[in-house]
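Residue strings, one per chain:
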Amino acid sequence: MDGQFFVEWEMGDGNGGRVLAFLGESLLDALRRDGIYIESPCNGNGTCGKCLVQVLRGNEEMTLQERRFITADKAAAGYRLACFVKAKPGLKARLSKSDFSSAPQMQTLNLPFDDTSAGGMEGQMELGIAVDLGSTTIAAALLDDGGNILAQESAVNSQRAYGADVLSRIQAANDGLAERLRECVCGDLARLFRSLCARMRKLPVSPKARISKIAIAGNTAMLHLLRGYSCKKLGQAPFEPVNLKQESLTFRELFWDLDMCKDSIVCLLPGLSAFVGADITAGLYSSGFLDTPGTQVSCFLDLGTNGEMAVGNKEGFMTASAPAGPAFEGAGLSCGMPASPGAIASVSFLYNRARVQTVGQKKPCGICGSGALSAVAALRKEGLLDDGGLLAPELFERGFTLAKNKDGSEICLTQADIREIQLAKAAVRAGVETLFSRFCKERFGKELGLDQAAHVYLAGGFGHYLPKDTAAEVGLFPLEWKEKIVSCGNASLKGAAAFLKEMAKERKGADGDFFKGIVEKNQTVQLAKDERFQELFVERMRF
């Protein structure tokens, strides 16, 4: 057909293939349409520099925009940004192996299994799957009827090819890509479910075991994209979601037939607002936040792609989403990546030289959000970064080199990266202070300082790897919080698992609204409309 042709791609290990392309479209779009997802936090707008490919045949002159991200040596070797490479007959490109994220990464937990908790080996064994549908990472756990975790897996959300942050994906959906985004996440989930089912066959469970229920927690946008709901009102003021209530559907209503899951009931947990979703509802329950007595006040923070927070106690609470951007998950940073193996998670200095620790003790291949914040704290201690966020003159242009990749390229923290961290840090700190002040005034009739918080529950991968000292040193949290922080890990996944356990224990149907009481205690605050938040945001820009 006129205007259509195939372009070739290959991997460094010799594997490859070809995709159908249209004359003049970008290589990024051609790959995405064929289900090959490479990292593109800016959704192909040419502003992140992450969709790096090596053009082996059919290359053209690099654009000025690309020169901001690609060194002269890499340019000479044919490296380009896939969003700028125009598809044409004869084009061939090499992709990085790290671009492919569709296969789930198995993380089986070595926890004791009690076969009596699921009704014994003789009868029908009812199992469940809990899911945290994150913007960056999707985690799933296989549970027995007693709520014990049998196996756990995770995979990178392949929707990242359409943008790192929620707003980019909402925009992509509103630009006509909603069905493609839904296909991405449904495919990711189906692969995880299939892998868990394969693991189930190797576990000491009854041959009659089946997956009877699945609980999914995620932010409001992720659940909208999964359901195929319109995101038009979600992406513009006053930000109205189509639905926040708990939903129960058959597996076939959301997915396709999958042996041991096809008769399952899928429960989508309820959200609290357009930007505080079901992942926070689940996290509030599982973290212990709701055990705070009515005379005290605690904080809950999930610092992922957005900065969601709650302040309150078991009698009631306020929630908000701070405009932190995706910096805390590594997106938007020049060498950023999620907190996966090889990501720099901690930085210190010894004899004027940087020392790094990585996730999984693997060779460095990028830096995650906690690592970037740790690097900022270390640079300040060394006198290489001032309180205003400016690097020393000798580092201002090129940034500070933390480590080197396997190919010899440098993993740097640049002045632009530090600016992103500053903005994220200021938004979170100002948001917490604003929410804390409003809650205390309304419930106790007076303002209380942040030092009066009973507990601070920190959820997500960022909180897991972030040293308490680092958070205080850069001003993300007040010094008094150091001894009050409780790291909750994946509180969203734990909350979804708690939902399944409660259903089994009480023998409730899938329509039982387990989180209804939590939702009713919430009061949503829009920080963007709060003058005090705007003032504090400017004040908290300094480290």
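Use the structure listed above.
In this report, we go over the structure that sits alongside the text. Model, not experiment: these values are computed from the prediction.

**Considerations on the pairing of strand β10 (residues 210–218)**
- Counting buried positions along β10 gives eight out of nine residues, so the element sits mostly inside the fold.
- The pairing of strand β7 (residues 126–133) with β10 spans eight bridges and is parallel. By the bridge assignment for β10, leucine 127 is matched with isoleucine 211.
- In this structure, β10 lies alongside strand β12 (residues 265–268), joined through four bridges in parallel fashion. The residue of β12 that forms the bridge with alanine 215 is cysteine 267.

**Here we look at the nonpolar core**
- In terms of nonpolar packing, the biggest core is built from 80 residues, with Ile129, Ile216 and Leu226 touching the most fellow members.
- For this core, the element with the most residues is helix α3 (residues 166–200), which contributes 14 residues.
- One finds Ile344, Ala375, Leu384 and Leu476 within the second-largest nonpolar core, a separate group that totals 62 residues.

**Examining helix α8 (residues 415–444)**
- When the terminal C-alpha atoms of α8 are compared, their 43 Å separation across 30 residues agrees well with the 44 Å that a helix rising 1.5 Å per residue should span.
- Burial within α8 is extensive, with 21 of its 30 residues counted as buried.
- One or two positions beyond α8, positive phi appears at glycine 445, with a value near 75 degrees.

**Points about the packing of α3 against helix α4 (residues 220–227)**
- Orientation of α3 relative to α4, taken along the N-to-C sense of each, is 65 degrees, at an axis distance of 7 Å. Comparing the axis directions of α3 and α4 gives the class roughly perpendicular. Note on packing geometry: the crossing formed by α3 with α4 is right-handed. Every residue of α4 that contacts α3 at Val166, Arg169, Ile170, Ala173, Leu181, Arg182, Val185, Cys186 and Leu189 is listed here: Ala221, Met222, Leu225, Leu226 and Arg227.
- A per-class count over the contact of α3 with α4 returns 11 nonpolar, no polar and three charged.

**So, the environment of asparagine 306**
- In this structure, asparagine 306 sits in the loop between β13 (298–303) and β14 (307–313).
- Owing to a relative accessible area of 18%, asparagine 306 belongs among the buried residues under this scheme.
- Separated by 17 residues in sequence, asparagine 306 and proline 323 place their C-alpha atoms 6.6 Å apart.
- Apart from residues no more than four positions distant in its own chain, asparagine 306 is found in contact with Val166 and Ser321.

**Here's the deal with the pairing of strand β1 (residues 4–11)**
- Strand direction decides the pairing type here: β1 and strand β2 (residues 16–22), joined by seven bridges, are antiparallel. By the bridge assignment for β2, glutamine 4 is matched with phenylalanine 22.
- Two elements, β1 and strand β5 (residues 92–95), share four bridges in a ladder whose sense is parallel. The residue of β5 that forms the bridge with tryptophan 9 is alanine 93.

**Here's the deal with the sheet that holds strand β17 (residues 353–358)**
- One open sheet accounts for three strands, arranged β17-β16-β18; its pairing is mixed. Since the sheet does not close on itself, it has two edges, and those belong to β17 and β18 (366–367), each with one partner.
- Pairing between strand β16 (residues 343–350) and β18: two bridges, direction parallel. Opposite isoleucine 344, over in β18, you have isoleucine 367 as the bridge partner.
- Along the sheet, helix α7 (residues 369–381) contacts β16 and β18; its crossing angle with β16, the most-contacted strand, is approximately 15 degrees.

**Topic: the pattern of salt bridges**
- For the structure on display, the rule yields 21 salt bridges.
- Residue glutamate 10 pairs with arginine 94 through a salt bridge whose shortest N-O separation is 2.6 Å. A residue pair is termed long-range when its members are at least 10 positions apart, and glutamate 10 in strand β1 and arginine 94 in strand β5 qualify at 84 residues.
- The exposure class assigned to arginine 94 is partly exposed, which follows from its relative accessible area of 31%.

**Quick word on unusual backbone geometry**
- With an omega of 10 degrees, the peptide bond running from alanine 237 to proline 238 counts as cis.
- Here proline 238 is to be found in the loop between α4 and β11 (247–250).
- Positive phi is not limited to glycine here, since asparagine 352 has a value of about 65 degrees.
- As for its placement among the helices and strands, asparagine 352 is situated in the loop between β16 and β17.
- For asparagine 352, a relative accessible area of 67% translates into the label exposed.

**Describing the packing of α8 against helix α13 (residues 531–539)**
- Taken N-terminus to C-terminus, the directions of α8 and α13 make an angle of 140 degrees; their axes are 8 Å apart at the nearest point. As judged from the angle between their axes, α8 and α13 are oblique. Read as a crossing pair, α8 and α13 show a hand that is right-handed. When α8 is examined against α13, the residues Leu423, Ala426, Ala427, Ala430, Gly431, Glu433 and Thr434 are found in contact with a partner set consisting of Arg532, Phe533, Leu536 and Phe537.
- Classifying every residue of the contact of α8 with α13 by side-chain character gives seven nonpolar, two polar and two charged.

Thresholds applied
- Residues numbered from 1 in each chain as written.
- Predicted model: local features only at pLDDT ≥ 70, side-chain atom pairs only at ≥ 80, totals over all residues.
- Heavy atoms only, no water.
- Buried < 20%, exposed > 50% of the residue type's maximum accessible area, 1.4 Å probe, protein only.
- Helix = DSSP H or I, 4+ residues; strand = E, 2+ residues; numbered from the N terminus.
- Pairing = 2+ DSSP bridges.
- Core = buried A, V, L, I, M, F, W, Y, C linked by side-chain atoms within 4.5 Å.
- Expected span 1.5 Å × (residues − 1).
- Axes fitted to C-alpha atoms, helices over the stretch in contact; angles between N-to-C directions.
- Parallel < 35°, antiparallel > 145°, perpendicular 65-115°, else oblique.
- Left-handed = near helix turned anticlockwise from the far one by under 90°.
- Contact = heavy atoms within 4.5 Å.
- Nonpolar A, V, L, I, M, F, W, Y, C, P; charged D, E, K, R; others polar.
- Salt bridge = Lys/Arg side-chain N within 4 Å of Asp/Glu carboxyl O.

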